[in-house]
Amino acid sequence: MRNEAFIENLEQRKEEQLPIVFTPAEAMDILGVGRNTIYRLLNSGELHGVRVGHSWRISNAAIEEFLISQIDWQRG
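The shown structure was predicted, so the numbers you read here are calculated from the model rather than taken from an experiment.

Enquirer: Pulling in residues and values, what's your account of the packing of helix 2 (residues 24-31) against helix 4 (residues 60-75)?
Expert: The relative placement of two packed helices is expressed as an angle between their axes plus a distance between the axes. Orientation of helix 2 relative to helix 4, taken along the N-to-C sense of each, is 35 degrees, at an axis distance of 12 Å. Our pair here, helix 2 against helix 4, has a crossing hand that is right-handed. Across the interface between the two elements, Ala27, Ile30 and Leu31 from helix 2 touch Ile63, Phe66 and Leu67 from helix 4. Across the contact of helix 2 with helix 4, the residue classes tally to 6 nonpolar, no polar and no charged.

Enquirer: Any chance you could break down a nonpolar patch on the surface for me, citing the residues and the numbers?
Expert: A cluster of nonpolar side chains, namely Phe6, Ile7 and Leu10, defines an oily patch on the protein surface of about 300 Å² accessible area. You can call Leu10 partly exposed: its relative accessible area is 38%.

Enquirer: Now, about helix 2: what can you tell me, with residues and values included?
Expert: Within the sequence span of helix 2, burial applies to Pro24, Ala27, Met28 and Leu31. For helix 2, the angular spread of the buried residues around the axis is 105 degrees, confining them to a single face. Buried-residue contacts for helix 2 involve strand 1 (21-22), helix 3 (35-44), strand 3 (55-59) and helix 4. The first or second residue beyond helix 2 is Gly32, which carries a positive phi of 70 degrees.

Enquirer: Can you tell me about the environment of Ile58, naming the residues and giving the values?
Expert: Along the chain, the position of Ile58 falls in strand 3. Separated by 37 residues in the primary sequence, Ile58 and Val21 place their C-alpha atoms 5.4 Å from one another. Residues contacting Ile58, with those up to four places away along its chain left out, are Ile20, Val21, Phe22, Thr23, Pro24, Ala27, Leu42, Leu47, His48, Gly49 and Ile63.

Enquirer: Got a sec to walk through the packing of helix 2 against helix 3? Specific residues and values, please.
Expert: Two numbers describe how helix 2 lies on helix 3: the axes approach to 10 Å, and their chain directions differ by 105 degrees. Compared by their axis directions, helix 2 and helix 3 come out roughly perpendicular. Contacts between helix 2 and helix 3 pair Pro24, Ala27, Met28 and Leu31 from the former with Arg35, Ile38, Tyr39 and Leu42 from the latter. In the contact of helix 2 with helix 3, the residues fall into 7 nonpolar, no polar and 1 charged.

So, how was this worked out
- Residues numbered from 1 in each chain as written.
- Predicted model: local features only at pLDDT ≥ 70, side-chain atom pairs only at ≥ 80, totals over all residues.
- Heavy atoms only, no water.
- Axes fitted to C-alpha atoms, helices over the stretch in contact; angles between N-to-C directions.
- Helix = DSSP H or I, 4+ residues; strand = E, 2+ residues; numbered from the N terminus.
- Left-handed = near helix turned anticlockwise from the far one by under 90°.
- Contact = heavy atoms within 4.5 Å.
- Nonpolar A, V, L, I, M, F, W, Y, C, P; charged D, E, K, R; others polar.
- Patch = residues over 30% accessible without salt bridge, like charges linked within 9 Å, V, L, I, M, F, W, Y side chains within 5 Å.
- Areas by Shrake-Rupley, 256 points an atom, 1.4 Å probe, with all protein chains shown as cover.
- Salt bridge = Lys/Arg side-chain N within 4 Å of Asp/Glu carboxyl O.
- Buried < 20%, exposed > 50% of the residue type's maximum accessible area, 1.4 Å probe, protein only.
- Arc of directions from axis to C-beta.
- Parallel < 35°, antiparallel > 145°, perpendicular 65-115°, else oblique.

This is the structure in structure tokens:
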């Protein structure tokens, strides 16, 4: 029983520490932009992402940072 509690606690910590990651298609839906726009943002570095092989992955934190930067930019 003691080991089960330890393993359960360890799994819960992993879930809390791992970032949520999205594919470009999922990020497109979240941001409400098209395919060309999402890849332009990724390639320009405006939206931070990581290449995994031939695919991009975008963290939830990167999407939040991008949205905040857009809000700040619009406020001028």
